[in-house]
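Okay, here's what each chain looks like letter by letter:
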Amino acid sequence: DAMVIQNPRYQVTQFGKPVTLSCSQTLNHNVMYWYQQKSSQAPKLLFHYYDKDFNNEADTPDNFQSRRPNTSFCFLDIRSPGLGDAAMYLCATSRKQGAGGYTFGSGTRLTVV
Amino acid sequence: AQRVTQPEKLLSVFKGAPVELKCNYSYSGSPELFWYVQYSRQRLQLLLRHISRESIKGFTADLNKGETSFHLKKPFAQEEDSAMYYCALIGNQGGKLIFGQGTELSVKP
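Residues numbered from 1 in each chain as written. Chains lettered and ligands numbered in written order. Predicted model: local features only at pLDDT ≥ 70, side-chain atom pairs only at ≥ 80, totals over all residues. Heavy atoms only, no water.

A. Focus on the overall build of chain A. When helices and strands are tallied, chain A shows zero helices and 11 strands. Start at the N end of chain A and walk to the C end: the helices and strands fall as β-β-β-β-β-β-β-β-β-β-β. For 113 residues, the compact-globule estimate of 2.2 N^0.38 gives 13 Å, and the C-alpha radius of gyration of chain A, at 13 Å, lies within 12% of that figure. With the C-alpha coordinates of chain A rotated into their principal frame, the extents come out at 35 × 30 × 30 Å. (Helix = DSSP H or I, 4+ residues; strand = E, 2+ residues; numbered from the N terminus. Rg over C-alpha atoms; globule rule 2.2 N^0.38 Å.)

B. Structural context of the pairing of strand β2 (residues 10–14) of chain B. Residue and element names in this part refer to chain B. Of the two faces of β2, only one is covered, namely that formed by L11 and V13; the face formed by L10, S12 and F14 stays uncovered. Where β2 meets strand β11 (residues 103–108), five bridges bridge the pair, whose relative direction is parallel. Across the sheet, L10 pairs through a bridge with E104, a residue of β11. (Buried < 20%, exposed > 50% of the residue type's maximum accessible area, 1.4 Å probe, protein only. Pairing = 2+ DSSP bridges.)

C. Broad picture of the environment of H50 of chain B. Residue and element names in this part refer to chain B. Mapped onto the elements of the fold, H50 is located in the loop between β6 (45–49) and β7 (60–61). C-alpha separation for the pair H50 and W35, spaced 15 residues apart in sequence, amounts to 8.6 Å. Excluding residues within four positions of it along the chain, H50 makes contact with P31, E32, L33, L63 and F70. (Contact = heavy atoms within 4.5 Å.)

D. The arrangement of the sheet that holds β7 of chain B in detail. All names here are of chain B. One open sheet accounts for three strands, arranged β3-β8-β7; its pairing is antiparallel. Two strands in the sheet have a free side with no partner beyond their single neighbour: β3 (19–21) and β7. Pairing geometry for β7 and strand β8 (residues 72–74), over two bridges, is antiparallel. Paired with T60 across the two strands is K73, which belongs to β8.

E. Quick look at the interface of chain A and chain B. Across the contact, 22 residues belong to chain A and 18 residues belong to chain B. Overall, the association of chain A and chain B removes approximately 1600 Å² of surface from exposure, summing both partners, and the carbon and sulfur fraction of that is 52%. Between chain A and chain B we count one salt bridge in total. Across the pair K96 of chain B and E57 of chain A runs a salt bridge, and its minimum N-O distance is 2.6 Å. At the boundary of chain A with chain B, the tally comes to eight residue pairs in polar contact (both at pLDDT 80 or more). Examining the composition of the side of chain A that touches chain B, we find that three residues originate from one element, strand β4 (residues 31–37) of chain A, more than from any other. (Buried area = accessible area lost by both parts, 1.4 Å probe. Salt bridge = Lys/Arg side-chain N within 4 Å of Asp/Glu carboxyl O. Polar contact = N/O pair within 3.5 Å; in protein donor to acceptor, adjacent residues only side chain to side chain.)

See the structure below:
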């Protein structure tokens, strides 16, 4: 099945130790998104790629970076994780910008110790 | 500012009862509205969108521009409807999907 795959499902990292979360898709969608979802809160968009064009949300901390080496893969890098960065991180794709029918991955739950 | 509000964090009903999950939005233009659902231990998935005017799993939602609402309704709830439901919008300026905080629906036998 064409889908969005996030690895790992659970990630534990140490305070201040860089961590990378990965997302891959077999849908050949042009747009890939990273959302952060904290407990009992709405998913919050961090940034997205439209093809190779990177679009950062104004309130996304500099601590969060992203890479998209090709159409299929997108990575979320947290340079120095703090305790407040513990959350579920959701990757999503859409065929084009402005299309709201996103396909989501299962998410990576990040714990910072 | 674009905003989606779901006033109920938890909605509990009995099987066979009607259910309505409320969603209100603020947006100055003409947004596109969606309902997403997340069943236990599953990924977030699209349930329906207002432009399709469809019924999925017995759920319907009508966009009321006057009241800026997009409430999700089902006449007879089933136990398998228990899940987290998110209302979301995309503005006509394109780009990002903005989510409400979600309503947990619990359907009891």
